[in-house]
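Fold and geometry: a report
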Amino acid sequence: METEAKQASVSLLQRRMRIGYSIAIRLIDELERCRLIGTYRDDKLREVYLPHSQLMRSLKS
C-alpha cells in the first residue's frame, strides 16, 4: 500500500507483497472492516487512514 500517497488497492497489495488475489482481497476487506482504510470507490483506490508505521504495526498484530 502506498501509505505515503494515502492510497490502497488489491493490485498494489498483490505487487508489493507478492501474494495472490484471494489473499489480497481478504486483507483489503479486513483493513476496511477495522477502519484502517476507506471503502471501495470507482477508481479502485482506497484512502489509507493511518500513518505508515501505525499501519505496519496493525498488520503484524
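All of these numbers come straight from a predicted model, not from anything done at the bench. (Residues numbered from 1 in each chain as written. Predicted model: local features only at pLDDT ≥ 70, side-chain atom pairs only at ≥ 80, totals over all residues. Heavy atoms only, no water.)

1. So, the side chain of Ser9
Here Ser9 shows up in the loop between β1 (7-8) and α1 (10-17). There is a polar contact of 3.4 Å between the side chain of Ser9 and the side chain of Ser11. For Ser9, the side chain forms a polar contact with the main-chain nitrogen of Leu12, separated by 3.1 Å. (Helix = DSSP H or I, 4+ residues; strand = E, 2+ residues; numbered from the N terminus. Polar contact = N/O pair within 3.5 Å; in protein donor to acceptor, adjacent residues only side chain to side chain.)

2. Re α1
Among the residues of α1, those classed as buried are Val10, Leu12 and Leu13. Buried residues of α1, viewed axially, fall in a sector of 160°; they line one side. If you follow the buried residues of α1, they end up packed against β1 and α2 (21-33). Arg18 occupies a position one or two residues after α1 and carries a positive phi of about 55°. (Buried < 20%, exposed > 50% of the residue type's maximum accessible area, 1.4 Å probe, protein only. Arc of directions from axis to C-beta. Contact = heavy atoms within 4.5 Å.)

3. Quick notes on the side chain of Arg46
Mapped onto the elements of the fold, Arg46 is located in strand β2 (residues 46-47). Of note is the side chain of Arg46, whose polar atom sits 2.5 Å from the side chain of Glu32. The residues contacting Arg46, other than those within four sequence positions of it, are Lys6, Gln7, Ala8, Ile28, Glu32, Ile37, Gly38, Thr39 and Tyr40.

4. As for the nonpolar core
One finds Ala8, Val10, Leu13, Ala24, Ile28, Leu31, Leu36, Ile37, Val48 and Leu50 forming the largest nonpolar core, which totals 10 residues. The dominant element in this core, judged by the number of residues it contributes, is α2, at three residues. (Core = buried A, V, L, I, M, F, W, Y, C linked by side-chain atoms within 4.5 Å.)

5. A few points about the packing of α1 against α2
Between α1 and α2, whose axes approach to 9 Å, the crossing angle comes to 120°. The angle between α1 and α2 places the two elements in the oblique class. Two packed elements cross with a definite hand, and for α1 against α2 that hand is right-handed. Residues Val10, Leu13, Gln14 and Met17 of α1 form the contact with α2, whose own contacting residues are Tyr21, Ala24, Ile25, Leu27 and Ile28. (Axes fitted to C-alpha atoms, helices over the stretch in contact; angles between N-to-C directions. Parallel < 35°, antiparallel > 145°, perpendicular 65-115°, else oblique. Left-handed = near helix turned anticlockwise from the far one by under 90°.)

6. Section: the confidence of the model for the protein chain
The predicted model of the protein chain averages 80 in pLDDT, with 79% of residues at 70 or higher. By mean pLDDT, helix α3 (residues 52-60) is the weakest element of the protein chain at 69, and α2 is the strongest at 93. (pLDDT = per-residue confidence, 0-100.)

7. Some remarks on the pattern of salt bridges
A complete count under the given rule lists two salt bridges for this structure. The partner of Glu30 in a salt bridge is Arg33, and the shortest N-O contact between them spans 2.5 Å. A residue pair is termed a helical-turn pair when its members lie 3 or 4 positions apart in one helix, as Glu30 and Arg33 do in helix α2 at three residues. The exposure class of Glu30 is partly exposed, given its relative accessible area of 37%. Across the pair Arg46 and Glu32 runs a salt bridge, and its minimum N-O distance is 2.5 Å. Placement of the pair is Arg46 in strand β2 and Glu32 in helix α2, with a sequence separation of 14 residues. We classify Arg46 as buried; its relative accessible area is 8%. (Salt bridge = Lys/Arg side-chain N within 4 Å of Asp/Glu carboxyl O.)

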